[in-house]
Amino acid sequence: MNAHKEKPLSYEPERMLHNTDIAKNTLVLILAGGRGSRLHEMTDRRSKPAVYFGGNWRIIDFTLSNCLNSNLLKIGVITQYEAHSLLRHLQHAWSFMPRERGQFVDMLPARQQVDESMWYRGTADAVWQNVLIMKEHYKPKYVLILAGDHIYKMDYMQMLCDHIYSGAKCTVGCIEVKRSEAKEFGIMAVNESLKVQEFVEKPADPPAMREKPDHSLASMGIYVFDADYLYQALEEEVVNENTHHDFGKDVIPRALEDGVLYAHPFERSCMGRNAEGSIYWRDVGTLDSYWRAHMDLVTEHPQLNLFDRNWPVIGLPTQPMPTKFFYKDRNCRTLDNSLVSGGCLITDAQISSSVLFDRVTVNEDSVIDSAVILPGVYIGRNCHLKNCIIERNCVIPDGMKIGIDPEEDAKRFRISSSGEVVLVTPAMLERLALEEKTKAAVQEQVEKGDYLI
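Residue positions are counted from 1 within each chain, in the order its sequence is given. Owing to the predicted nature of the model, reporting of local features is limited to residues with pLDDT of at least 70; listing and counting of side-chain atom pairs is limited to 80 or more, with chain, interface and lining totals taken over all residues. Hydrogens and water are ignored here; the side-chain numbers use all heavy atoms of the structure.

**Brief notes about the sheet that holds strand 22 (residues 378–379)**
Then step 1. What the five strands build is an open sheet, ordered 14-17-20-22-24; its pairing is parallel. Of all the strands in the sheet, the pair left with one neighbour each is strand 14 (324–326) and strand 24 (395–396). Strand pairing is assigned whenever DSSP identifies at least 2 bridges connecting the two strands. Think of it this way: any DSSP run of H or I at least four residues long counts as a helix, any run of E at least two long counts as a strand, and we number them from the N terminus.

What follows is the structure, given as structure tokens:
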């Protein structure tokens, strides 16, 4: 164990005097190469950070907005799986920062630097393969490593200040989770100075917090490193035959062993709280969690405030024209508790508790209830959509019912693990249309007597 002086954390004003210097010396690396396989067809052609969220954003916009609001403007985004959609979004939405002032969002795609057959082998390897660029071009003193696939608001500068003041070489962001749900996280135990005493990656029997026996302290996958320590740790890991090339499994346990690992509770830096003051952090990595997070947005007091001007979420403006609502019967109840983005055309349709992204068309006598409708969707007449996610550019034919008959939905579309949510994609609709066309052709032949049964 290395000797290490522990300092009690506090919020003294002098700690905040040099935030500008800290920002100039900090490189942010966002790990955005994950597939997000639990979202199934939603990530067939895009990485999880590029998935649409909230009516006007991609998931990665929340992490990038946290950086911007924290005044951390030297950012590299590490990509790998199905990166085109993400890279295109970054180019269109996040190219506004002036490089002449040392501000940038650089894209760092996998380049098979180790050999021609080797992509990024894990989170730590993704950073390791960019170490030379970091040393030669960015030259940071501190490195902030983030995941690009979570929904939350956080002041990263506060975490950096805590890291520097504690004297840590590595600081990990942490959040309280129910012990019954802790098996999916890296779990830690800390002392009164927030020095980490124990760290276990995805344990079968998660350690409980001493003051809250039904809760555990979980890693958020957010790390601050002194750059020199990070380089050394990665250099040693890359030659280790037993490594997983992973921060949670390899680098963080090594920092614990070195005695330089501290925790940063999310409570300290959370900028997104509900009316009762509870913190908000979501992994929208399943169809159920993705849909439920959207349903929360259309409640009276959402857990996540998308209209907070003090900590705005920035993305690509997508309102080419206003949304038009046209109703012949002005007395009918037509729209309630929903978010509707720009460029939509709604005609004599009922919409309730739903999120409509841009350029959605809904035709006469259709009913949309508790649905998430992604950009460019066309919904025909007399359709009924409930408890569903409709992928981008779907064309829903006249009279189609989704989320009404579970058995019928299971034959045609993707059903979430809870059985509560239906996912519909263009490929599913095309397959269904082909099947129906084939059946109609067969039926026609049978009626003409040209088809032998």
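The discussion continues.
**Topic: a negative patch on the surface**
Then step 1. Patch criteria: residues need more than 30% relative accessible area and no salt bridge. Like-charged residues are merged within 9 Å; nonpolar side chains of Val, Leu, Ile, Met, Phe, Trp and Tyr are merged within 5 Å. All accessible areas in this document rest on Shrake-Rupley with a 1.4 Å probe, and a residue is counted as covered only by the protein chains that are shown. Any carboxyl oxygen of Asp or Glu that lies within 4 Å of a side-chain nitrogen of Lys or Arg is treated as forming a salt bridge with it. Charged residues are defined narrowly, with Lys and Arg counted positive, Asp and Glu counted negative, and His plus the chain ends left uncounted. Charge positions come from single atoms, namely NZ of Lys, CZ of Arg, CG of Asp or CD of Glu. Taken together, the side chains of Asp-405, Glu-407, Glu-408, Glu-435 and Glu-436 make up a negatively charged region of the molecular surface.
Then step 2. Every element with two or more residues in the negative patch is listed here: helix 10 (406–412) and helix 11 (426–448).
Then step 3. In this fold, Glu-436 is placed in helix 11.

**Some words on the pattern of salt bridges**
Then step 1. Using the criterion set out here, one finds 20 salt bridges in the structure.
Then step 2. In this structure, Asp-308 engages Lys-153 in a salt bridge whose closest nitrogen and oxygen atoms are separated by 3.8 Å. With Asp-308 in the loop between helix 9 (287–297) and strand 14 and Lys-153 in the loop between strand 7 (151–152) and helix 6 (156–166), this residue pair connects regions lying 155 residues apart in the sequence. Here Asp-308 matches Lys-153 in class, with each residue buried. Type-normalised accessible area, obtained with a 1.4 Å probe on protein chains alone, sets the label of each residue: buried when under 20%, exposed when over 50%, and partly exposed for intermediate values.

**Things to note about unusual backbone geometry**
Then step 1. At Arg-359, a residue that is not glycine, the phi angle is positive and equals roughly 60 degrees.
Then step 2. Residue placement: Arg-359 occurs in the loop between strand 19 (355–356) and strand 20 (361–362).
Then step 3. Its relative accessible area of 35% is what places Arg-359 among the partly exposed residues.

**Digging into the layout of surface pockets**
Gaps left between atoms are located by rolling a probe of water-molecule size over the structure's atoms.
Then step 1. Here the second largest pocket defines a volume of roughly 470 Å³.
Then step 2. Lining the second largest pocket are 16 residues; nearest its centre among them are Glu-41, Arg-45, Arg-46, Glu-391 and Pro-426.
Then step 3. Looking at which element gives the most residues to the lining of the second largest pocket, the answer is helix 11, with five residues.
Then step 4. Here the residues of the lining of the second largest pocket are counted per class, giving five nonpolar, three polar and eight charged. Two kinds of site are reported from a 1 Å grid over the protein atoms alone, namely cavities, where a 1.4 Å probe fits but cannot get out, and pockets, open sets with protein on both sides within 12 Å along at least five of seven lines, and residues are called lining when an atom falls within 4 Å of a point. Grid points are joined across faces, edges and corners, and a volume is the space filled by probe spheres set on the points. Amino acids are sorted into nonpolar (Ala, Val, Leu, Ile, Met, Phe, Trp, Tyr, Cys and Pro), charged (Asp, Glu, Lys and Arg) and polar (every other residue, Gly among them).

**A word on empty space enclosed by the protein**
Then step 1. Per the counting criterion, the structure on display carries two cavities of 30 Å³ or more.
Then step 2. Roughly 50 Å³ of volume is contained in the largest cavity.
Then step 3. Forming the walls of the largest cavity are Ala-124, Asp-125, Trp-128, Leu-234, Glu-237, Val-238, Thr-243 and His-245.

**Details of the packing of helix 5 (residues 131–138) against helix 7 (residues 227–238)**
Then step 1. Closest axis-to-axis distance for the helix 5/helix 7 pair is 11 Å, and the angle between their directions is 155 degrees. In terms of orientation, helix 5 lies roughly antiparallel with respect to helix 7. Considering only the axes of helix 5 and helix 7, their crossing is left-handed. Within the contact between the two elements, helix 5 uses Val-131, Met-134 and Lys-135 and helix 7 uses Leu-230, Tyr-231, Leu-234 and Glu-235.
Then step 2. Split by residue class, the contact of helix 5 with helix 7 holds five nonpolar, no polar and two charged. A fitted line through C-alpha atoms serves as each axis, taken over the contacting stretch for helices, and the angle formed by two N-to-C directions is quoted from 0 to 180°. Roughly parallel covers angles under 35 degrees, roughly antiparallel covers those over 145, roughly perpendicular covers 65 to 115, and oblique covers all other angles. Each crossing gets its hand from how the near helix is turned against the far one by less than a right angle, where anticlockwise is left-handed and clockwise is right-handed. Here, residues are in contact when the closest pair of their heavy atoms is within 4.5 Å.

**Comments concerning helix 7**
Then step 1. How far a helix is expected to stretch is found by multiplying one less than its residue total by 1.5 Å. Taking 1.5 Å per residue as the helical rise, helix 7 with its 12 residues ought to reach 16 Å, and the 17 Å between its terminal C-alpha atoms agrees with that figure.
Then step 2. Along helix 7, the residues that are buried comprise Ala-227, Tyr-229, Leu-230, Tyr-231, Ala-233, Leu-234 and Glu-237.
Then step 3. Those residues of helix 7 that are buried are in contact with helix 4 (123–128), helix 5, strand 6 (142–147), strand 11 (215–226) and helix 8 (247–258).

**Describing the nonpolar core**
A general trend in soluble globular proteins is that nonpolar side chains are found buried together.
Then step 1. Ranked by internal contacts, the top residues of the largest apolar core, which has 42 residues, are Val-127, Met-134, Ile-145, Met-188, Phe-225, Leu-230 and Phe-247.
Then step 2. The element that contributes the greatest number of residues to this core is helix 7, accounting for six residues.
Then step 3. Among all residues touching Met-134, those that are not within four sequence positions of it are Leu-27, Leu-29, Val-127, Lys-139, Pro-140, Val-143, Leu-230 and Tyr-231.
Then step 4. Counting 41 residues, the second-largest nonpolar core is a separate cluster that includes Leu-72, Leu-86, Met-154 and Val-177. Take the buried Ala, Val, Leu, Ile, Met, Phe, Trp, Tyr and Cys residues and link them wherever side-chain atoms come within 4.5 Å; each set so joined is a nonpolar core.

**Observations concerning helix 2 (residues 60–69)**
Then step 1. Judged by how many residues are buried, helix 2 sits mostly within the fold: eight of 10 residues are covered.
Then step 2. Residues of helix 2 that are buried: Ile-60, Asp-61, Phe-62, Thr-63, Leu-64, Ser-65, Asn-66 and Cys-67.
Then step 3. A positive backbone phi angle near 65 degrees is found at Asn-71, which sits one or two residues after helix 2.

**Here's the deal with the pairing of strand 21 (residues 367–373)**
Then step 1. Most of strand 21 is tucked away: five of the seven residues are buried.
Then step 2. Pairing analysis gives three bridges linking strand 18 (residues 350–352) to strand 21, with the strands arranged parallel. Note that in strand 21 the partner of Ile-351 across the bridge is Ile-368.
Then step 3. Bridge count for strand 19 against strand 21 is two bridges, and the pairing is parallel. Looking at strand 21, one finds that Leu-356 is bridged to Ile-373.

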